[in-house]
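Reading the structure
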Amino acid sequence: MPTPATTSACARSLRQKLQLYGAAASALENGALILTDSPLGQAKNYIADKAASREDERRPGQPMVIDVYKMRGLYAEIYSYENLYQAYLEARKGKRFRPEVLGFTNNLEANLIEIQNELIWRTYQIGPYREFYVHEPKLRLIMALPFRDRVVQWAIYRVLNPRLDKRYISDSYACRPGYGVHRAVKRLQYWMRYMSRRHQRVYVLKMDVSKYFYRIDHDILMDIFARLIDDDDLLWLLDMIYRSEDPLFGLPQGVSDYSSCNRTAGCGMPVGNLTSQMAANLYLNEVDQFIKHDLRVRRYMRYMDDMAILHHDKQYLWEIKREVEGFLANRLHLDLNSKTTVRSVSQGVEWLGYRVWPTHIRLRKSTAQKMRKRLRYLQKACGQGEATPADLNTTWQSYRGMLKHCNSYRLQRKLEGEMGDMQD
């Protein structure tokens, strides 16, 4: 049972808070308090505290600006030993027995403390990048960091990304827990079915940003981060990572050759960095908010730099395309590539490796051909001792997982038959 003294103290505290709320609301009505990016109803405690603490500091007639939803105090959480250790566990997944990881693990505590001290005293420097190319589904330049730098990136990602994720629209599907390719494909088919029942003809606008990762503007990206984060130490760390220009990452407009002589400064992020995919999602969130809130588009979805909008009016979609193209060019310094088009959903929509109709989903032909080619290569490599049957089985099981998400009975039976013939 609470004592009379405790009850009296609680009552006094409640009266004081109510007085502060009243002062804050009065200041808001009189224009002495300006809220940015937050409704009053969701931030009463913070507003009251700030209104009380800053009232003496404010000059007469000067409005008080409170950024209620800015993120604060994240840097200490990033360099905490517990977070660095969890980041190490994430970074080593699937790579535990590589020499670089084994060397780091051999002196784990000292290495984590060294990283922690470098972050605390802001002496941390990014290590050299290792460059290589991948050719599927098309030629891409990949840049990999040393293992200790990947630990730092995981430490940032673990703390910052969950907070950024809350700001994204529900139909952004890339690099988000619980979302992904298959959920995006099913969502698209749901919309196609829903609209096909209500309209005689339905069209889809597909948009793709040209060389997206290599043309992200550093200044614009850091402005977005500064708008969301009120932490100078964290902004310093992010600025150092994204503005790193050794080597250069950016490609100028109209250039598709990745050779070092064609790269430019001031834009671009290395494909392969964990922080790159986090920033890439945040960068195009500006487009998401523009399309949803300014253009009032209902059926819009995005998977990284691939965007799709459904509507029954083809002319409306072309107008939306012009608006989005202008926003990308003027606000984000990006442009759409030649694959951007408007077509009828009755022809099927190629989306994230599948071809989607309102009635069924099939694997894209080029994807099926790559599956066959890969399985034949692994079968031959097994015969020559360059791969093991376990490698072949792992690849085949992953392909079966993909095929379960589409209407692929005949294709799966055919691949199983080819696998049996190859084993014989």
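Check the entry above for the structure.
Below is a summary of the structure that appears in this document. (Residues numbered from 1 in each chain as written. Predicted model: local features only at pLDDT ≥ 70, side-chain atom pairs only at ≥ 80, totals over all residues. Heavy atoms only, no water.)

As a further point, take the packing of aromatic side chains. Counted according to the given criterion, the structure contains 13 aromatic pairs. Aromatic side chains Tyr-75 and Tyr-79 sit 5.4 Å apart centroid to centroid with 80° between the ring planes, which places their arrangement in the edge-to-face category. On the basis of relative accessibility, which here comes to 22%, the residue Tyr-79 falls in the partly exposed class. In this arrangement the basic side chain of Arg-176 is found over the ring face of Tyr-179, its NZ or CZ atom lying 4.2 Å from the centre. In this structure, Arg-198 is placed above the aromatic ring of Tyr-194, and the distance from its NZ or CZ to the ring centre is 3.8 Å. (Phe/Tyr/Trp six-rings, centres within 6.5 Å; stacked < 30°, edge-to-face > 60°. Buried < 20%, exposed > 50% of the residue type's maximum accessible area, 1.4 Å probe, protein only. Lys NZ or Arg CZ within 6 Å of the ring centre and 35° of its normal.)

Quick look at the packing of helix 4 (residues 81–91) against helix 7 (residues 147–165) now. Packed helices, taken two at a time, are described by the angle between their axes plus the distance between the axes. Two numbers describe how helix 4 lies on helix 7: the axes approach to 8 Å, and their chain directions differ by 115°. Taken as a pair, helix 4 and helix 7 cross one another with a handedness that is right-handed. On the side of helix 4, the interface is formed by Asn-83, Leu-84, Gln-86, Ala-87, Tyr-88, Glu-90 and Ala-91, while helix 7 contributes Phe-147, Arg-150, Val-151, Trp-154, Ala-155, Arg-158 and Val-159. (Axes fitted to C-alpha atoms, helices over the stretch in contact; angles between N-to-C directions. Helix = DSSP H or I, 4+ residues; strand = E, 2+ residues; numbered from the N terminus. Left-handed = near helix turned anticlockwise from the far one by under 90°. Contact = heavy atoms within 4.5 Å.)

Looking now at the pattern of salt bridges. With the rule as written, the count across this model stands at 20 salt bridges. Note that Glu-77 is salt-bridged to Arg-163, the shortest N-O span being 3.4 Å. Of this pair, Glu-77 sits in helix 3 (residues 74–78) while Arg-163 sits in helix 7, and the two are 86 residues apart along the sequence. Taking the relative accessible area as the measure of exposure, Glu-77 reaches 36% and is therefore partly exposed. Classification of Arg-163 by relative accessible area gives partly exposed; the value is 30%. In this structure, Asp-233 engages Arg-122 in a salt bridge whose closest nitrogen and oxygen atoms are separated by 2.8 Å. (Salt bridge = Lys/Arg side-chain N within 4 Å of Asp/Glu carboxyl O.)

Looking now at the side chain of Arg-299. Following the sequence through the fold, Arg-299 ends up in the loop between helix 11 (274–294) and strand 6 (300–303). Although Arg-299 is buried, it forms no salt bridge, and the closest oppositely charged side chain is Asp-171 at an N-O distance of 9.0 Å. Not counting residues up to four positions away in its chain, the partners in contact with Arg-299 are Trp-191, Tyr-194, Met-195, Ala-308, Ile-309 and Leu-310. (Lys, Arg positive; Asp, Glu negative; His and termini not counted.)

All right, on to the nonpolar core then. The biggest cluster of nonpolar side chains holds 85 residues, and the ones touching the most others in it are Leu-160, Tyr-212, Phe-225, Tyr-242 and Val-287. The element contributing the most residues to this core is helix 11, with ten residues. What Phe-225 contacts, discounting residues up to four positions off in sequence, is Leu-160, Leu-164, Leu-235, Leu-238, Tyr-242, Ala-279 and Leu-282. In this structure, Met-195, Met-301, Val-345 and Val-349 belong to the second largest nonpolar core, which totals 34 residues. (Core = buried A, V, L, I, M, F, W, Y, C linked by side-chain atoms within 4.5 Å.)

Once that is clear, we can look at the sheet that holds strand 11 (residues 361–363). Strands sit in the order 9-10-11 across an open sheet of three strands; the sheet is antiparallel. Looking along the sheet, the strands with just one partner apiece sit at the ends: strand 9 (349–351) and strand 11. On average, adjacent strands in this sheet sit at an angle of 30° to one another, irrespective of strand direction. For strand 9 and strand 10 (residues 354–356), the ladder comprises three bridges, and the chain directions are antiparallel. From the neighbouring strand, Glu-350 faces strand 10, where its bridge partner is Arg-355. In the packing of helix 8 (residues 181–196) onto the sheet, the strands contacted are strand 9, strand 10 and strand 11, and the crossing angle to strand 10 comes to about 15°. (Pairing = 2+ DSSP bridges.)

Look at helix 8: 23 Å from first C-alpha to last across 16 residues, which is about the 22 Å you get at 1.5 Å a residue. Within the span of helix 8, buried status applies to Ala-184, Val-185, Leu-188, Gln-189, Trp-191, Met-192 and Met-195. In a view along the axis of helix 8, the buried residues occupy a sector of 160°, so they form one face of it. Next to the buried residues of helix 8 lie strand 6, strand 7 (306–311), strand 9, strand 10 and strand 11. (Expected span 1.5 Å × (residues − 1). Arc of directions from axis to C-beta.)

This paragraph deals with the environment of Asp-246. Relative to the helices and strands, Asp-246 is located in the loop between helix 10 (232–242) and helix 11. Asp-246 sits 19 residues away from Ala-265 along the chain, and the two C-alpha atoms are 9.7 Å apart.

The subject of this paragraph is the pairing of strand 5 (residues 203–208). Across the six residues that make up strand 5, a large majority, five, are buried. Across six bridges, the pairing between strand 5 and strand 7 is antiparallel. For Leu-205, the partnering residue across the bridge sits in strand 7 and is Ile-309. As paired strands, strand 5 and strand 8 (residues 341–344) are joined by four bridges and run antiparallel to one another. When the bridges of strand 8 are listed, Val-204 appears paired with Arg-343.

So yeah, pure geometry; function would need other evidence.
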